[in-house]
Amino acid sequence: MGRPLFYDIIEKPATSCIVTLCSVIWFVIQKKSIGYSQVGLSYETAIEGHYWRMITSALSHISVLHLVFNMSALWSLGVVEQLGHVGLGTAYYLHYTLVLVVFSGVLVIGIYHLLIARFKIDYFRRVTAVGYSCVVFGWMTILSVKQPSSKLNLFGLLSLPISFAPFESLIFTSIIVPQASFLGHLSGILVGYAISWGLIGGMNNYWAITMVGWIVVVFVFSLKKSGAYDFSFLEIESLTDASLPSVRFIGNGRTLQASAVPLSGVEVV
């Protein structure tokens with residue numbers, strides 16, 4: 001008889017919460033017949049200021065197969081939470097999950113920009129990505145560097161050596177699911193290597209809370225500004241200088257406006 005699931009849930013609290021959250025979001029998407037274009041991230045939506053999509057695209061899945069594959073892999077990768085004795089653990093898992101969500105999203109948009117601006121491949125303007133795969137591939141990569149003897153279990157049936165799992169899974173998903181985002185998965189792998197090699201590091205509770213705060217601010221304001229959701233208590237308008245955004249909180253009459261501070265030694269790219 002196998003180990004009761006209850007014990008795994010207790011030992012993988014963050015993983016359990018993320019799997020539950022993604023599953024609930026999938027259910028809501030199916031119930032309300034929401035399409036990938038409404039929650040996904042593309043180059044065009046990014047340059048239009050829909051920065052909130054970086055979060056919704058990561059947590060959303062349209063097909064049940066996509067959800068099951070990602071959550072099965074994520075559940076196996078949740079072993080990171082049980083490795084506190086080797087410098088990993090739940091806090092490490094949460095800190096760098098934030099990094100993977102944000103940095104892999106920024107990187108994939110950066111790659112799209114390079115392909116569009118430098119190589120004139122306009123196809124990537126409208127490619128829309130959804131799913132938690134960037135983060136899953138990132139954790140595969142981190143674990144392959146830090147714990148190369150580990151195994152990745154998929155669906156409880158397939159077991160892959162974690163040292164080869166990132167690129168095996170990259171090829172496997174590209175063949176089995178042709179519409180899978182190769183560049184999105186590759187972005188997760190690249191950010192995963194950057195984290196595991198120490199190129200991106202120094203995350204602690206302070207920086208994690210700071211990052212969450214900025215994510216919430218950018219999420220809410222970009223959601224409001226793009227017109228995707230109307231926050232009745234918040235109004236964004238321009239006052240003296242049209243280039244400086246101001247924020248008005250409806251009800252108390254207060255208005256905040258950024259000030260123009262001259263910057264020296266800065267190039268606007």
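Residues numbered from 1 in each chain as written. Predicted model: local features only at pLDDT ≥ 70, side-chain atom pairs only at ≥ 80, totals over all residues. Heavy atoms only, no water.

Quick look at the overall build of the chain
For clarity, the cut-off: Segments assigned H or I by DSSP are reported as helices when at least four residues long, segments assigned E as strands when at least two residues long, and all are numbered from the N terminus. Each residue gets one of three labels from its accessible area relative to the maximum for its type: buried under 20%, exposed over 50%, partly exposed in between, using a 1.4 Å probe on protein chains only. Here, two residues are considered to be in contact whenever any of their heavy atoms come within 4.5 Å of each other. Under the convention used here, a 1.4 Å probe and the Shrake-Rupley method define accessible areas, while residue burial counts only the protein chains that appear.
When helices and strands are tallied, the chain shows 11 helices and 5 strands. Within the chain, buried positions represent 41% of all 269 residues. Sequence separation of at least 24 residues holds for 65% of the intrachain contacts in the chain that already meet a minimum separation of 6. Looking at the chain as shown, the accessible area adds up to about 15200 Å², and 67% of this sits on carbon and sulfur atoms.

Details of helix 11 (residues 205-225)
Put simply, the test is: Here the expected length of a helix is defined as 1.5 Å per residue gap, with one fewer gap than residues.
The end-to-end C-alpha distance of helix 11 is 30 Å, a good match for the 30 Å that 21 residues give at a rise of 1.5 Å each. Within two residues after helix 11, Gly 227 carries a phi angle of roughly 80°, on the positive side.

Focus on the UniProt feature "transmembrane region" (unreviewed entry) in the chain
Counted only if it meets this: UniProt positions are given in the numbering used here, feature names are shortened, and annotations may be inferred rather than shown by experiment.
Mapped onto this numbering, the UniProt entry gives "transmembrane region" (unreviewed entry) at residues 50-73, 93-116, 123-142, 154-175, 182-200 and 206-223. This span, residues 182-200, is 79% helix and 0% strand, and a straight line between its end C-alpha atoms measures 23 Å. Between the C-alpha atoms that bound residues 206-223 there is a distance of 26 Å. The span itself is 100% helix and 0% strand.

Looking at the packing of helix 2 (residues 13-31) against helix 6 (residues 64-77)
Heads up, the condition is: For helices, the fitted line uses only the C-alpha atoms of the stretch in contact; every axis is such a line through C-alpha atoms, and the angle between N-to-C directions lies from 0 to 180 degrees. In what follows, roughly perpendicular refers to angles from 65 to 115 degrees, roughly parallel to angles under 35, roughly antiparallel to angles over 145, and oblique to any angle outside these ranges. When residue character is reported, Ala, Val, Leu, Ile, Met, Phe, Trp, Tyr, Cys and Pro are called nonpolar, Asp, Glu, Lys and Arg charged, and the others, Gly included, polar.
Closest axis-to-axis distance for the helix 2/helix 6 pair is 10 Å, and the angle between their directions is 175°. Here helix 6 runs roughly antiparallel to helix 2, going by the angle between their axes. On helix 6, the residues touching Thr 15, Ser 16, Ile 18, Val 19, Cys 22, Ser 23 and Trp 26 of helix 2 are Val 64, Leu 67, Met 71, Leu 74 and Trp 75. Grouping the constituent residues of the contact of helix 2 with helix 6 by class yields 9 nonpolar, 3 polar and no charged.

Description of the packing of helix 2 against helix 7 (residues 90-117)
The N-to-C vectors of helix 2 and helix 7 enclose an angle of 40°; their axes lie 9 Å apart at closest approach. Here helix 2 is positioned oblique relative to helix 7, judged by the angle of their axes. Residue-level contacts link Pro 13, Ala 14, Thr 15 and Ile 18 of helix 2 to Thr 90, Tyr 93, Leu 94 and Thr 97 of helix 7.

Observations regarding unusual backbone geometry
Even without being glycine, Ser 33 reaches a positive phi, approximately 55°. For Ser 33, the location among the structural elements is in the loop between helix 2 and helix 3 (36-39). Overall, Ser 33 belongs to the exposed group, its relative accessible area being 62%. Residues other than glycine seldom take positive phi values, yet Lys 120 does so here, at roughly 60°. Inspection of the secondary structure assignment puts Lys 120 in the loop between helix 7 and helix 8 (133-146).

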